[in-house]
Amino acid sequence: MKKIKCECGHINPEGTVLCEACGKPIEGNQHIDGNQDNKLINMRYDGTARRSQTYNKSIIDKIWSFFSSVKVGVWLIVIALVASMLGTVFPQEMYIPADAVSRDPAIFYEDIYGILGLIYYQLGFHNLYSSWWYMVLIALIGISLVICSLDRFVPLYKALKKQKAKRHETFLNRQRLFSETETVSKEDIETVKANLKKARYNVRDEDGHILAEKGRFSRWGPYVNHIGLIIILIAAILRSTSLMYTDEYIWVREGEQIVIPGTNGEYYIENKEFIMETHDEDDERFAQAIQQEGIVPSNFQTDVVVYQATNSSIPGAAPELEPILTDSIQMNKPAKFDKYTLYQSGYQVNEFTSMTFKIHETDDPDASALGTFTIDLTNPEAAYELDNGFSVSIEQYYPDYYMNDGAPTSETNYPRNPAFVMMVYPPNNESPEVSFIGIGRNIDATGENNYKLGILDFELHDVSGLTLRVDYTLPFFMLGAAIFMIGVTQGMYWQHRRIWINPKGNGVLLAAHTNKNWFGINKDIEKVLKNTSIAMVVDQQELDE
Amino acid sequence: MDLLSLSSTMLYTAFILYLIATFFFGATIRQNKSDRKKKTKSGTIGITITIIGFIAQLVYLITRWIASGHAPVSNMFEFMTFLGMCMVLAFIIIYFYYKLSFLGLFALPITMVLIAYASMFPTDISPLVPSLQSHWLYIHVTTVALGQGILFISFVAGIMYLTRQIDQTVRNKRNTWLEIVLYTIILCVGFIIITTIFNLMNYNATFEYQEGNRTVITEYHLPAIAAPNEGTLLTEDAMQPWFETPKWMHGADAGRKFNTVIWSFISGTILYGLIRLFTRKRIGAKLQPLLKSVKPDLLDEIMYRSVAIGFPIFTLGGLIFAAIWAQIAWGRFWGWDPKEVWALVTWFFYAAFLHLRLSRGWHGERSAWLAVIGFGIIMFNLIVVNLVLAGLHSYA
């Protein structure tokens, strides 16, 4: 490495723009920060030697330079911004409404949004945020964060550590805030020093050269917040592994007890009751709004008991269940046990538990029952024998019946709208007859049936949809977010202010620099110079004008 | 007088006080340049009235909170009013730091437009759905609004900077764009005027249309220029619609919203036309001389600092608190819901803004344009995402 020795005696690393100690612009390097054509010098990183600006030979140098550029970083952010916006033009696949005619993305987008929807789907924008290129984009931002920070933090840290109070004149008079005073008394200097200390500046005096500094730690803010962001990105990668993150959705009927998926058979859940409450229409506070907008739900709640299987490790043995938790799960009030959290996520009211049918003669005006049978919809059997010699076999069962292009189909596997194709076998080996029966439907396909089915009775239940989560990454996200907030506060709410007062002849040169809030440092200087003969600084960089 | 009517009276009072304060801030124009740095009498009166107005609005908030039993930030009217309040608060804070009276001349009228716009939405107290029943409702919403209120100041400073600096002697691309921004604000005023007029007339036209398999009834409070797609007018003696809302416009009640947009354009454009007719100048050109004595450097500084102060608060409320609440309510802290995505877009945007400030050539005018666009994104997230892109936050 070629070192550069400054006239002040300090030895700077190669690529330094302003001497780390005295700030004198180093000849031949001024183009790096674009100082050669400007009156003011660029103080962004105190003119330190940054790797990205110094070496540009090997491929690693080039990659490093690429990612350490703020311009590249901003472009990456802008691309991510535009991509994110695109993903909201039409709903993402997971937000296709439940009542859509078809939830198949291949059909949904074109059907609803026409040609644009088709293009959207074909480009994969319906799963944009989990697409490989979006992930790559975020990863690139992550790389840029790390390299940008390293490229700047290390040299800046060193330079601020090595800085001297004695500065080269060209460094001072090319600062944005500068003044020169011909003659200044010793007392005035002492007053200013005292004032600076009172204004909580850290004052260094090296043979009459004064450096007053304040809030240097705010310079580390960006690097701290970038560390926070990196932790968040790492947490996001961890979350995509099943080791750190479990996500299961369970439907559990009222009265049902099932093993909780994702717990290796260790835990069981029983749904005691699902409760849905609504706001009282007569509540005079809300009466008007309810009248306008309709009934508003006030509570979704599942009363559950969670059991632990005490001998789940023995294969084949029936588990012994021990209740460990009785809880009412509500929105915003999840239940917790062991490492798991259960959230109230959905509900289905009025599913069919069982249906009772009767058989009667088609031309019997009273439809008096020749026999009855009950189908347990949670566990339908293939055939039912009736007392009087009839038997019924179930040919087809549609738990959630609807007509799809003229063909009967089941939309889900849940008994929300059950319908059956049944064969009725009369006694005495008469030939069997086909019937189709469901809620509000009773069709005799041939029109020649001697016997007809009818619904006598049914029972209903509610079903709760619960989400089970294990997320070990949450503490990492919290840590990342906390560090980010600390860093961003440190960088944004404090400023690094420096005021140099160097003697020249009988007078002084005064210059000041801050990384933001020039208005504030101006006020500071005005205050400390009060009642002294030192000239107030002039802002050498007025915008435009 | 019951609490609720006291509450609306206080909001109304606050609105009037902001109006009066605006005039006092306007009066500071007359002072000559040498006085400007010092405290001015009319500036002091202006900020005093603003503070009293803010207190009135605080009373509105508290009384409505007591009356409804929950923080009044749960629907479009309540949130936008609250955002208006945060903007005033941000203005007060910035005023005491920079003592720039002119800021009030621009910030308060825009805030008033927002509050008036808010009151065009249903103002009834609505009960909370289960997912909103949490303390995080007000923790999350108030922090977001405060952050956005401070970012709003950067928008105001940006507008002022552009008005002050852009050449108005001949028409060019830049002053045309500035004019478009000002025209957009006037469109909002047009919306307020036309809605108020027809509300006072109690205008009502009922339509029936098909949405999927359901038959939906919707009530227009403005004469229907655009009917709902395949809708039929049920009300007799109401104006016959001119055309139907095109089919590709989706979202709940697209027809009625589209119709409102058309009316806002009509009335806003007329209003703009009238202003141009009387002043014979672009609005930007008319405003420019007012700002002659403000230092552009100071505006640039306010613009940057309000982003620097607002950005962390917005991050905390709009992303971190939002994520914590989402984790408690839904078990996932991030779900790529449109509102969440647009909060992220806003965050990306201001992050880019802050990084660009590191580069030469991005101070001043370019920064000002960015500040204007940034606030445009916030408003987009508030209005368009809520009303058009349905999602978890579509509460209006």
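Preceding this section is the structure that the text describes.
Residues numbered from 1 in each chain as written. Chains lettered and ligands numbered in written order. Predicted model: local features only at pLDDT ≥ 70, side-chain atom pairs only at ≥ 80, totals over all residues. Heavy atoms only, no water.

> Can you walk me through the packing of aromatic side chains in this structure?
What characterises a pair of aromatic rings is the spacing of the ring centres plus the angle enclosed by the ring planes. Applying the stated criterion across every chain yields a total of 60 aromatic pairs over all chains. A centroid spacing of 5.7 Å and a plane angle of 70 degrees characterise the contact between Y267(A) and Y340(A), whose relative ring orientation is edge-to-face. Of this pair, Y267(A) sits in strand 8 (residues 267-278) while Y340(A) sits in strand 12 (residues 340-361); the two residues are 73 residues apart in sequence, bridging distant segments of the chain. The class of Y267(A) is buried, set by a relative accessible area of 4%. For Y340(A), a relative accessible area of 4% corresponds to the buried category. With centroids separated by 5.0 Å and ring planes inclined at 10 degrees, the aromatic side chains of Y397(A) and F420(A) adopt a geometry described as stacked. Remark: F420(A) occurs in strand 18 (residues 419-425) and Y397(A) occurs in strand 15 (residues 391-398); sequence separation between them is 23 residues. Among the aromatic residues, those joined into a ring-pair cluster are F90(A), F108(A), Y109(A), Y113(A), Y120(A), Y121(A), F125(A), Y129(A), W133(A), Y134(A), W334(B) and W336(B). R167(A) extends its terminal NZ or CZ atom over the ring of F171(A), reaching a point 4.5 Å from the ring centre. (Phe/Tyr/Trp six-rings, centres within 6.5 Å; stacked < 30°, edge-to-face > 60°. Helix = DSSP H or I, 4+ residues; strand = E, 2+ residues; numbered from the N terminus. Buried < 20%, exposed > 50% of the residue type's maximum accessible area, 1.4 Å probe, protein only. Lys NZ or Arg CZ within 6 Å of the ring centre and 35° of its normal.)

> Looking at this structure, how should I read the side chain of K339(B)?
All names here are of chain B. By secondary structure assignment, the location of K339 is in helix 10 (residues 338-356). One buried charged residue, K339, forms no salt bridge at all, with the nearest opposite charge on D337 at 7.9 Å. At 2.9 Å, the side chain of K339 forms a polar contact with the backbone oxygen of N381. (Lys, Arg positive; Asp, Glu negative; His and termini not counted. Salt bridge = Lys/Arg side-chain N within 4 Å of Asp/Glu carboxyl O. Polar contact = N/O pair within 3.5 Å; in protein donor to acceptor, adjacent residues only side chain to side chain.)

> How do you make sense of the pattern of salt bridges when you look at a structure like this?
Where charged atoms from two side chains of opposite charge approach closely, those side chains can pair. Residues and elements named next belong to chain A. Within the structure shown, the criterion is met by 27 salt bridges over all chains. In this structure, K193 and D205 form a salt bridge, with 2.7 Å as the shortest nitrogen-oxygen distance. Taken as a pair, K193 in helix 7 (residues 186-198) and D205 in strand 4 (residues 202-206) lie far apart in primary sequence, 12 residues in all. For K193, a relative accessible area of 13% gives the class buried. Its relative accessible area of 38% is what places D205 among the partly exposed residues. It is possible to trace a salt-bridge network through shared partners that takes in D46, R219 and R498.

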